[in-house]
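Reading the structure
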Amino acid sequence: SSSSSFFRLPNTFVSYFGNCDAIAALCWSSALATWVAFAMLLIQRIFTFSEFMEAWVIGVKELIEPALILCSAWALGSIVSDLQASAWVANSIPPSFKVEAIPVLASVLACVMSYATGSAFGTMTILFPLIVPLVGYKAPHNSDLLHQAGGAIFGGAIFGNVVAPIADDTILTTLAAPIPLTTHLKSQTPYVLLVVANSLVFGHLMVAFGFYNVYVGLLLCCISIVSTVILFGQSPLYPDRRPLASRIFSFLRGKVKRPRTVEQGPLLPHDANDPVTSYETSSPSL
């Protein structure tokens, strides 16, 4: 009984969430959502049984490709964990490598991988078994660096869900709007890249190297993003008005610019019978 009480987990939400089986949770939640939708549609007489089964089969067909990508990512993550690839990477890194750069490296890898696969869960499944043990090998007593690396993986994994052309969120958004896929990507990409750049510079890089704490980094990221939108953004209410930064630049350029002299054109030949030329030549200069 003492051994069983020793290995008993505390009854907290964090322990439940940290020790759960994600694959079983996804399978059971999908099955439960299917049965709830089936019961609601039949009770309200929106669908018949045959219509519901036909719609369910169509929905399953749409989810086959994302399910295959997710299963492949789970398999690759298990291979990375079983082969202890993190230990090999830790031993291959030269001693001159700064461990503080691991969150930046994790964020960049997560962004590239999520954009290539279009799956946030697949990116997290692959990178967590690789990055988290790497931080444990290089900085075993630095819990802050571990939290920063985990947050970098989470943030970079979301990047692909928003801007990847093959991501399920992107495809569902273009179908629900409805708008062309290229139009959605053109409108989303500048904002997403702005957030990624601010997170890398003012967040992961500066916080990991100890220039300031996490809260200051979050505040600076928010100030930088809001300032960028105010300076370079264009109001949809006034589409003809130029951005504030462009107007400020034009104002400053007009202040320092020298006044240009009006170049005098060639003189017109004098004709006494022409009232315009006779008036211009005979009238005194003002």
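Residues numbered from 1 in each chain as written. Predicted model: local features only at pLDDT ≥ 70, side-chain atom pairs only at ≥ 80, totals over all residues. Heavy atoms only, no water.

Some points on the environment of Leu-109
Within the element layout of this structure, Leu-109 appears in helix H6 (residues 102-117). Since its relative accessible area comes to 33%, Leu-109 is described here as partly exposed. (Helix = DSSP H or I, 4+ residues; strand = E, 2+ residues; numbered from the N terminus. Buried < 20%, exposed > 50% of the residue type's maximum accessible area, 1.4 Å probe, protein only.)

Notes on the nonpolar core
Among the nonpolar cores identified, the biggest contains 16 residues, and Ile-102, Ile-131, Val-135 and Ile-153 are the most heavily contacted of them. Those elements that provide at least two residues to this core are H6, helix H7 (120-138) and helix H8 (143-163). Element by element, the count of residues in this core is highest for H7, at 6 residues. If near-sequence neighbours (up to four positions away) are discounted, Ile-153 is found in contact with Ala-106, Ala-110, Met-124, Leu-127, Phe-128 and Ile-131. Listed in part, the 5 residues of the second largest apolar core include Phe-159, Val-163, Val-192 and Val-196. (Core = buried A, V, L, I, M, F, W, Y, C linked by side-chain atoms within 4.5 Å. Contact = heavy atoms within 4.5 Å.)

Overview of a positive patch on the surface
Where like charges cluster on the molecular surface, the positive patch consists of Arg-241, Arg-242, Arg-247 and Arg-253. For Arg-253, the location among the structural elements is in helix H12 (residues 244-256). (Patch = residues over 30% accessible without salt bridge, like charges linked within 9 Å, V, L, I, M, F, W, Y side chains within 5 Å. Areas by Shrake-Rupley, 256 points an atom, 1.4 Å probe, with all protein chains shown as cover. Salt bridge = Lys/Arg side-chain N within 4 Å of Asp/Glu carboxyl O. Lys, Arg positive; Asp, Glu negative; His and termini not counted. Charge placed at Lys NZ, Arg CZ, Asp CG, Glu CD.)

So, the packing of helix H9 (residues 168-176) against helix H10 (residues 181-208)
Relative orientation of the contacting elements H9 and H10 amounts to 115 degrees, with a least axis distance of 9 Å. The crossing of H9 and H10 is right-handed. Here Thr-170, Thr-173 and Thr-174 of H9 come into contact with H10, specifically with Leu-181, His-184 and Leu-185. Among the residues making up the contact of H9 with H10, the classes are represented as 2 nonpolar, 4 polar and no charged. (Axes fitted to C-alpha atoms, helices over the stretch in contact; angles between N-to-C directions. Left-handed = near helix turned anticlockwise from the far one by under 90°. Nonpolar A, V, L, I, M, F, W, Y, C, P; charged D, E, K, R; others polar.)

Some words on the side chain of His-184
Tracing the chain through its elements places His-184 in helix H10. Beyond its immediate stretch of four places on either side in the chain, His-184 contacts Val-162, Thr-170, Thr-173, Thr-174 and Ile-179.

What to know about a nonpolar patch on the surface
Side chains of Leu-42, Phe-49, Met-53, Trp-56, Val-57, Val-60, Ile-64 and Leu-68 sit close together on the surface and give an oily, nonpolar patch of about 690 Å² of accessible area. A total of 7 residues in the nonpolar patch trace back to one element, the largest contributor, which is helix H4 (residues 49-82). Mapped onto the elements, Met-53 comes out in helix H4.

A short note on unusual backbone geometry
Most peptide bonds take the trans form, and the phi angle of most residues other than glycine is negative. Non-glycine residue Arg-45 carries a positive phi angle of around 60 degrees. Exposure remark for Arg-45: the relative accessible area of 76% places this residue in the exposed category.

Section: the confidence of the model for the chain
Per-residue confidence for the chain gives a mean pLDDT of 77; residues scoring 70 or more make up 78%. By mean pLDDT, the top-scoring element of the chain is helix H11 (residues 214-232) (88), and the lowest-scoring one is helix H1 (residues 2-6) (42). Residue range residues 1-7 is modelled with pLDDT below 50. Its contacts to residues more than four positions away, or to other chains, number 0 contacts. (pLDDT = per-residue confidence, 0-100.)

As for H10
The largest bend along H10 measures about 35 degrees and falls at Leu-200. Looking at H10, one finds that the buried residues are His-184, Leu-185, Val-192, Leu-194, Val-196, Asn-198, Gly-203, His-204, Val-207 and Ala-208. Where H10 is buried, its residues touch H6, H8, H9 and H11. Just downstream of H10, Gly-210 is the residue with a positive phi angle, here 80 degrees. (Bend = angle between axes of the 7 residues up to and from the residue.)

A closer look at the environment of Leu-231
For Leu-231, the location among the structural elements is in helix H11. On the basis of relative accessibility, which here comes to 31%, the residue Leu-231 falls in the partly exposed class. With 14 residues separating them along the chain, Leu-231 and Ala-245 place their C-alpha atoms 4.9 Å apart. The contact partners of Leu-231, leaving out residues within four places of it in the chain, are Pro-243, Leu-244 and Ala-245.

Thoughts on the packing of aromatic side chains
Counting across every chain of the model gives 5 aromatic pairs. A centroid spacing of 5.9 Å and a plane angle of 85 degrees characterise the contact between Trp-35 and Phe-38, whose relative ring orientation is edge-to-face. With Trp-35 and Phe-38 both in helix H3 (residues 22-43) and 3 residues apart, this pair spans about one turn of that helix. Classification of Phe-38 as buried rests on a relative accessible area of 15%. Taken together, a centroid distance of 5.8 Å and an interplanar angle of 85 degrees make the contact between Phe-38 and Phe-49 edge-to-face. Taken together, the positions of Phe-38 in helix H3 and Phe-49 in helix H4 put the pair 11 residues apart, joining distant regions of the chain. For Phe-49, a relative accessible area of 51% translates into the label exposed. Here the aromatic cluster, defined as three or more aromatic residues joined through ring pairs, consists of Trp-35, Phe-38, Phe-49 and Phe-52. (Phe/Tyr/Trp six-rings, centres within 6.5 Å; stacked < 30°, edge-to-face > 60°.)

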